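What the coordinates show
So you can see what is in the structure, the chains are spelled out below.
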Amino acid sequence: MKYKLKQKQNQRITRITETTLVVGADIAKKVHVARAVDFRGIELGKDCTFHNDAEGLTKLATWMKDLGQRHAKTDIVFGIEPTGHYWFPLAAFLKEQGIKIVVVNPHHVNKSKELEDNSQTKSDYKDAKVIADLIRNGKYSEPNLPTKEYADLRILMNLREKMSVSLTQVKGRIVNWFDRFFPEYTSVFKVWEGKASLMTLREFPLPAEIVAKGSRGVLECLKTEVKRGE
């Protein structure tokens, strides 16, 4: 396993050649910062600050292509730290432009900050250079960016997972409510999610309300919706 990881690391390093323009970008909600280096880590040109919209992304693409022409770079590798969801439009745009996009581990970025200027302080400008250096050293991975229906499926799966977590939390709060205020409830309804149980919770959720309604009143109320055996 260690040999395979080392081999993969070497392949990533050799992927960065003299003709490769390595670009690292710090991603924010509205404004991003990008910096470019060559395979030895020498910074090329000035940084590029661009907005997360069509005009800003076009500005980034023009900046990278101009740098590539000035420094004889025929290949571009663009890297980011995948935090949050703000990088999705950028990744889709770069993929359409035929520019390779890679991601670096946020933990590696945090650990490497001090090597840049002997300080752990954070800034968009600094992080962009740290990300570029990690890429040229082969410490990156290639994300799987689904398109069309596969992208929709991924979004739906994420939503389903979040809803499942929320549902579990709500059920846990309901069970907590039973334990605190109505511990006898489960001796009557073994499954509190059943139709009769849910109707009972909706119509008279507290013991005092059941006492006020009386057994006959409760029965008459349940008969309106619950059939025998449910």
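Below you will find a few notes about this structure. Predicted model, so just to flag it, every value in this text is computed and none were measured.

Scanning the entire structure with this criterion turns up seven aromatic pairs. Ring centres of W177 and F178 lie 5.5 Å apart, and the angle between their planes is 65°; on these two criteria the pair is classed as edge-to-face. Classification of W177 as partly exposed rests on a relative accessible area of 24%. Classification of F178 by relative accessible area gives buried; the value is 3%. Three or more aromatic residues link up through ring pairs in this structure, and these residues are W177, F178, F181, F182, Y185, F189 and W192. Between R12 and the ring centre of Y140, over which it is positioned, the NZ or CZ distance is 5.9 Å. The aromatic ring of Y125 is capped on one face by R35, whose charged end is 3.7 Å from the ring centroid.

The next thing to look at is the pairing of strand 1 (residues 20-26). Where burial is concerned, most of strand 1 is hidden: seven out of the seven residues are buried. As judged from the five bridges shared by strand 1 and strand 2 (residues 31-37), these two strands associate in the antiparallel manner. Opposite V22, over in strand 2, you have V37 as the bridge partner.

Before going further, it helps to spend a moment on the nonpolar core. Grouped together as the largest cluster of nonpolar side chains are 27 residues, with contacts concentrated most on L60, M64 and F78. Residue assignment for this core shows that the elements contributing at least two residues are strand 1, strand 2, strand 3 (48-51), helix 2 (54-70), strand 4 (75-80), helix 3 (88-96) and strand 5 (100-103). A total of six residues in this core trace back to one element, the largest contributor, which is helix 2. Contacts of M64, omitting those with residues within four sequence positions, involve L21, V23, I76, F78, L94 and I99.

Before going further, it helps to examine the pattern of salt bridges. Pairs may arise between side chains of opposite charge once their charged atoms sit close together. Within the structure shown, the criterion is met by six salt bridges. For the salt bridge of R15 with D75, the shortest nitrogen-to-oxygen distance reads 2.5 Å. Linking R15 in helix 1 (residues 2-15) with D75 in strand 4, this pair joins segments that are 60 residues apart in sequence. Looking at R15, the relative accessible area reads 28%, which means it is partly exposed. A salt bridge links E193 to K171; the nearest nitrogen and oxygen atoms lie 3.2 Å apart.

To continue, consider the sheet that holds strand 1. A sheet is described by the order of its strands in space; here five strands give the open sequence 3-2-1-4-5, paired in mixed fashion. At either end of the open sheet lies a strand with only one pairing partner, and these are strand 3 and strand 5. With strand direction ignored, the average angle separating the axes of adjacent strands in the sheet is 30°. Note that strand 1 and strand 4 share six bridges and pair parallel. Each bridged residue has a counterpart across the sheet, and for L21 the counterpart in strand 4 is I76. Of the strands in this sheet, strand 1, strand 2, strand 3 and strand 4 touch helix 2, which is tilted by about 155° from strand 3. Its contacts with the sheet place helix 3 against strand 3, strand 4 and strand 5, and it is angled at close to 170° to strand 4.

Conventions we followed
- Residues numbered from 1 in each chain as written.
- Predicted model: local features only at pLDDT ≥ 70, side-chain atom pairs only at ≥ 80, totals over all residues.
- Heavy atoms only, no water.
- Phe/Tyr/Trp six-rings, centres within 6.5 Å; stacked < 30°, edge-to-face > 60°.
- Buried < 20%, exposed > 50% of the residue type's maximum accessible area, 1.4 Å probe, protein only.
- Lys NZ or Arg CZ within 6 Å of the ring centre and 35° of its normal.
- Helix = DSSP H or I, 4+ residues; strand = E, 2+ residues; numbered from the N terminus.
- Pairing = 2+ DSSP bridges.
- Core = buried A, V, L, I, M, F, W, Y, C linked by side-chain atoms within 4.5 Å.
- Contact = heavy atoms within 4.5 Å.
- Salt bridge = Lys/Arg side-chain N within 4 Å of Asp/Glu carboxyl O.
- Axes fitted to C-alpha atoms, helices over the stretch in contact; angles between N-to-C directions.

That is the geometry; function is a separate question.
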